[in-house]
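What the coordinates show
The chain contents come next:
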Amino acid sequence: MTTSQPAPSLRPARPDDAEAIAQLHAASWRLHYRGAYSDAYLDGDVLTDRRAVWTARLAEASRSRAETVTYVVEDGAGVIGFVHAVVDHDPRWGSLIDNLHVTNDRRGSGLGTLLLARAAEAVVQRAAEPSLYLWVQEQNTAARGFYRARGAEHVETVAIDPPGGVPERLNGHPNKLRMVWTDATSATARRS
């Protein structure tokens, strides 16, 4: 007899989710950012770095929910995905999807689409402008395809900022692409 996992559920992140989000974020960076970020950084203190970021972000969000939105998807195993958006981040480009990560074993399951849709809904409800954007690493072709399939347009390519402002955390001079939705409501539309 097999036991099945509970269906994934989506909810706003809480300060006590910081550790689970940090672990997922670090694991995702270690898997997908290898080559752009240095191995020493990814294999070293990236978890400590992400833990500090998420502890601060979620503590601040619990005091002021109007400026950022963070959602997690969880099942019986815990947090299996998250999204973080900064409302009205840029006067030209609108609200920023700063992070969208799903555990590697759940990629392709629709959780990324679910998280993106919820972040887009929050932006539409809270932002002064309906536009939405994110940055994706040039080397991350799977993520670029995911965002294009949901209607994002590539409008700009620039150098990646080193994590924590430390240039040694990068390998060479990798690039990132700005992907834009002029209307956040279209962020989940699948295109062929």
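I will try to describe carefully the structure that is included in this document. (Residues numbered from 1 in each chain as written. Predicted model: local features only at pLDDT ≥ 70, side-chain atom pairs only at ≥ 80, totals over all residues. Heavy atoms only, no water.)

Comments concerning the overall build of the protein chain
- Along the backbone of the protein chain there are five helices and seven strands.
- The secondary structure elements of the protein chain, listed N-terminal to C-terminal, are β-α-α-α-β-β-β-α-β-α-β-β.
- For the protein chain, the spread of C-alpha atoms along the three principal axes comes to 50 × 40 × 40 Å.
- In the protein chain, which comprises 192 residues, the proportion classed as buried is 44%.
- Restricting to contacts in the protein chain with at least 6 residues of sequence separation, those with at least 24 account for 66%.
- Of the roughly 9,700 Å² of accessible surface on the protein chain, 49% is carried by carbon and sulfur atoms.
- Averaging the positions of the 22 positive and the 23 negative side-chain charges in the protein chain gives two centres separated by 4 Å. (Helix = DSSP H or I, 4+ residues; strand = E, 2+ residues; numbered from the N terminus. Buried < 20%, exposed > 50% of the residue type's maximum accessible area, 1.4 Å probe, protein only. Contact = heavy atoms within 4.5 Å. Areas by Shrake-Rupley, 256 points an atom, 1.4 Å probe, with all protein chains shown as cover. Lys, Arg positive; Asp, Glu negative; His and termini not counted. Charge placed at Lys NZ, Arg CZ, Asp CG, Glu CD.)

A look at the nonpolar core
- Counting 29 residues, the largest nonpolar core has I97, L132, Y147 and W181 as its most contacted members.
- Counting residues per element, the ones that place at least two in this core are strand 2 (68-75), strand 3 (78-90), strand 4 (94-102), helix 4 (111-126), strand 5 (132-137), helix 5 (141-149) and strand 7 (175-181).
- Dropping the residues within four chain positions of it, L132 is found in contact with W93, S95, I97, A120, V123, M179, V180, W181, A184 and A187. (Core = buried A, V, L, I, M, F, W, Y, C linked by side-chain atoms within 4.5 Å.)

Some thoughts on the packing of aromatic side chains
- Taken as a whole, this structure holds eight aromatic pairs when the rule is applied.
- Taken together, a centroid distance of 5.2 Å and an interplanar angle of 80° make the contact between W29 and Y37 edge-to-face.
- Look at W29 and Y41: their rings are 6.4 Å apart centre to centre, the planes differ by 50°, and that puts the pair in the tilted class. Linking W29 in helix 1 (residues 18-32) with Y41 in helix 2 (residues 39-43), this pair joins segments that are 12 residues apart in sequence. One exposure class covers both W29 and Y41, and it is buried.
- Among the aromatic side chains, those forming a connected cluster through ring pairs are W29, Y33, Y37 and Y41.
- One residue, R57, lies across the ring of W54, its end atom 4.6 Å from the ring centre.
- A cation over an aromatic ring shows up here: K176 above the ring of W135, its NZ or CZ 4.5 Å from the ring centre. (Phe/Tyr/Trp six-rings, centres within 6.5 Å; stacked < 30°, edge-to-face > 60°. Lys NZ or Arg CZ within 6 Å of the ring centre and 35° of its normal.)

Interpretation in functional terms is not warranted from these geometric data alone.
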